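# Geometric and topological summary
What follows is the residue order along each chain.
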Amino acid sequence: MARHRSDYKYFLTYRTRWSDNDQYAHMNNAVYYHLMDSIINTYLEQHCGCSPNPSNSADSDKTPPAPPIGLVVSSQCTFLSPLSFPQVLVLGLRAKRLGRSSVTYEVGFFLEDDQQDAEASAFGGYTHVFVDRKSRKSVRDGISGKLERGLRAIYAPLQEDDEGTDSKPAKSKSRL
């Protein structure tokens, strides 16, 4: 179950705030989900050409079809050791599963001073299914072009993702 910084491909730094702590003086679990959403959407916007801006949607026959959007269909987080204010965190991101119209992300939570072999204090993520922006129906081959290239850049499955045993890099099983 251990996750290490070296398992992840993209990183963002986050300075915790006093308001991130709950009554037990550690980071509230809702903040973990907020941070997972932040790193994933930052990556999608900066590296995959995805924009949540509704002005990208097509309104006429002359406008090219709007790109699909990702909807969260499942999420989870495993907490291994507490984090709290005033720590500085490093969030690591990888795509652990890629399909034709869905992707499962994983985010690792590390302290800023952790080394590459450091174990995560927590890890979690969610699955996006890419759907038509208007109908909200799944789009066949919704992952293509710049989105596919960007997700492949952070694609790093672990053996335990498929076998439940080890956390060594696995052979690619992408269906793209």
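All values derive from a computational prediction rather than experimental measurement.

## What to know about the overall build of the protein chain
A count of helices and strands for the protein chain gives three helices and five strands. Counting every position in the protein chain, which comprises 176 residues, the buried fraction comes to 43%. Accessible surface, the protein chain as shown: approximately 9,800 Å² in total, 49% of it carbon and sulfur.

## Topic: the nonpolar core
One finds Leu93, Tyr105, Phe109 and Leu151 to be the most contacted residues of the largest nonpolar core, which totals 32 residues. When residues of this core are traced back to their parent elements, those giving at least two are β1 (10–15), α1 (29–47), β3 (88–98), β4 (102–111), β5 (122–131) and α2 (145–153). At eight residues, α1 tops the list of elements feeding residues into this core. Sequence-distant contacts of Phe109, that is, excluding residues within four places in its chain, are made with Tyr32, Leu35, Met36, Leu83, Val90, Leu91, Ala120, Ser121, Ala122 and Phe123.

## So, the pattern of salt bridges
Counting across every chain of the model gives five salt bridges. Across the pair Arg17 and Asp20 runs a salt bridge, and its minimum N-O distance is 2.8 Å. Taking the shortest distance from any N to any O, the salt bridge between Glu106 and Lys96 comes out at 3.8 Å. Of this pair, Glu106 sits in strand β4 while Lys96 sits in strand β3; the two residues are 10 residues apart in sequence, bridging distant segments of the chain. Relative accessible area serves as the criterion here: at 1%, Glu106 is assigned to the buried category. Residue Lys96 is classed as buried on the basis of its relative accessible area of 14%. Through salt bridges with shared partners, a single network forms among Arg3, Arg94, Lys96 and Glu106.

## Side note on the side chain of Ser121
Along the chain, Ser121 turns up in the loop between β4 and β5. Aside from chain neighbours lying at most four places away, what touches Ser121 is Phe79, Leu80, Ser81, Leu83 and Phe109.

## Here's the deal with the environment of His128
The topology assignment puts His128 in strand β5. According to the relative accessible area criterion, His128 is buried, its value standing at 4%. A sequence separation of 56 residues divides His128 from Val72, and the C-alpha atoms of the two residues are 4.6 Å apart. Those residues in contact with His128 that lie beyond four places of it in its chain are Ile40, Leu44, Gly70, Leu71, Val72, Ser101, Ser102, Val103 and Tyr105. A distance of 2.9 Å separates polar atoms of two side chains, one belonging to His128 and the other to Tyr105.

## Section: the packing of α1 against α2
Taken N-terminus to C-terminus, the directions of α1 and α2 make an angle of 125 degrees; their axes are 9 Å apart at the nearest point. In terms of orientation, α1 and α2 fall into the oblique class. At the point where α1 passes α2, the crossing takes the right-handed sense. Packed against α1, whose contacting residues are Tyr43, Leu44 and His47, the element α2 presents Lys146, Leu147, Gly150, Leu151 and Ala153 at the interface. For the contact of α1 with α2, a count of residues per class yields five nonpolar, two polar and one charged.

## Examining the packing of aromatic side chains
Per the counting criterion, the structure on display carries six aromatic pairs. For the pair Trp18 and Phe85, a centre-to-centre distance of 5.8 Å together with 90 degrees between the ring planes defines the contact as edge-to-face. Of this pair, Trp18 sits in the loop between β1 and α1 while Phe85 sits in the loop between β2 (69–79) and β3, and the two are 67 residues apart along the sequence. Residue classification places Trp18 among the exposed positions, given a relative accessible area of 64%. With centroids separated by 4.8 Å and ring planes inclined at 80 degrees, the aromatic side chains of Tyr32 and Phe79 adopt a geometry described as edge-to-face. A residue pair is termed long-range when its members are at least 10 positions apart, and Tyr32 in helix α1 and Phe79 in strand β2 qualify at 47 residues.

What counts and how
- Residues numbered from 1 in each chain as written.
- Predicted model: local features only at pLDDT ≥ 70, side-chain atom pairs only at ≥ 80, totals over all residues.
- Heavy atoms only, no water.
- Helix = DSSP H or I, 4+ residues; strand = E, 2+ residues; numbered from the N terminus.
- Buried < 20%, exposed > 50% of the residue type's maximum accessible area, 1.4 Å probe, protein only.
- Areas by Shrake-Rupley, 256 points an atom, 1.4 Å probe, with all protein chains shown as cover.
- Core = buried A, V, L, I, M, F, W, Y, C linked by side-chain atoms within 4.5 Å.
- Contact = heavy atoms within 4.5 Å.
- Salt bridge = Lys/Arg side-chain N within 4 Å of Asp/Glu carboxyl O.
- Polar contact = N/O pair within 3.5 Å; in protein donor to acceptor, adjacent residues only side chain to side chain.
- Axes fitted to C-alpha atoms, helices over the stretch in contact; angles between N-to-C directions.
- Parallel < 35°, antiparallel > 145°, perpendicular 65-115°, else oblique.
- Left-handed = near helix turned anticlockwise from the far one by under 90°.
- Nonpolar A, V, L, I, M, F, W, Y, C, P; charged D, E, K, R; others polar.
- Phe/Tyr/Trp six-rings, centres within 6.5 Å; stacked < 30°, edge-to-face > 60°.

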